[in-house]
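Structural overview for review
Here is what each chain is made of, one letter per residue.
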Amino acid sequence: MQKHVRILGWLQIALGLFDLLIGGLLFALMSGIGAASGEVEGFLALSVVGGIMGTIMLILGLPNLICGIGLLRNWGGWVIGLAVILGFFNLATAPIGTLIAIYTFWIAWKLYDTTPDVPTA
């Protein structure tokens, strides 16, 4: 099961880095469109909107990075709990986030499944 936890850690890091990349690209795109317009007000407005969108993506991506690093470094059981919470948010980011969320739920279920094995007759 430790192998799956490590895979989940790398997936969480990749998802966090992807969010950060999208945030940076949104900021650059919005600022670039504002600069191409040739108007100071347009540049300022679109830079502010791009900055807000980039900040939101940073806020959304940072917990995935922390969770992924925590899973790789075995920071404890709270990291799996954080992964499950993030899994609910990742369900909305179809299709990759949804698949990672389902994988997260499966791993958490297997880690916390405490039902004893009952031998069959």
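Look up a bit, the structure's there.
Cut-offs and rules
- Residues numbered from 1 in each chain as written.
- Predicted model: local features only at pLDDT ≥ 70, side-chain atom pairs only at ≥ 80, totals over all residues.
- Heavy atoms only, no water.
- Helix = DSSP H or I, 4+ residues; strand = E, 2+ residues; numbered from the N terminus.
- Expected span 1.5 Å × (residues − 1).
- Contact = heavy atoms within 4.5 Å.
- Buried < 20%, exposed > 50% of the residue type's maximum accessible area, 1.4 Å probe, protein only.
- Patch = residues over 30% accessible without salt bridge, like charges linked within 9 Å, V, L, I, M, F, W, Y side chains within 5 Å.
- Areas by Shrake-Rupley, 256 points an atom, 1.4 Å probe, with all protein chains shown as cover.
- Salt bridge = Lys/Arg side-chain N within 4 Å of Asp/Glu carboxyl O.
- Phe/Tyr/Trp six-rings, centres within 6.5 Å; stacked < 30°, edge-to-face > 60°.

1. As for helix α4 (residues 96–112)
- Taking 1.5 Å as the rise per residue, α4 with 17 residues should run 24 Å; its terminal C-alpha atoms sit 24 Å apart, in good agreement.
- Summarising the contacts, the buried residues of α4 are in contact with α1 (2–37) and α3 (77–90).

2. Observations concerning the environment of G24
- Within the fold, G24 resides in helix α1.
- The partly exposed category is assigned to G24, whose relative accessible area is 40%.
- Each C-alpha atom of the pair G24 and C67 lies 21 Å from the other, and the pair is 43 residues apart in sequence.

3. A few points about a nonpolar patch on the surface
- Together, L58, L62, I66, I69, W75 and W78 line one region of the surface with nonpolar side chains, adding up to about 570 Å² of accessible area.
- Among the elements that take part in the nonpolar patch, helix α2 (residues 40–72) stands out by supplying 4 residues, more than any other.
- Tracing the backbone through its elements, the reader meets I66 in helix α2.
- Owing to a relative accessible area of 39%, I66 belongs among the partly exposed residues under this scheme.

4. Let's talk about the packing of aromatic side chains
- Under the counting rule described, the total for this entry stands at 3 aromatic pairs.
- Both rings, one in F88 and one in F105, keep their centres 5.0 Å apart while their planes meet at 45°; by these two values the pair is tilted. In this pair, F88 sits in helix α3 while F105 sits in helix α4, placing the two residues 17 residues apart along the sequence.
- Measuring from centroid to centroid gives 6.2 Å for Y103 and W106, while their planes differ by 15°, and the two rings are stacked. Placement of both Y103 and W106 in helix α4 is noted, with a separation of 3 residues, approximately one turn of the helix.

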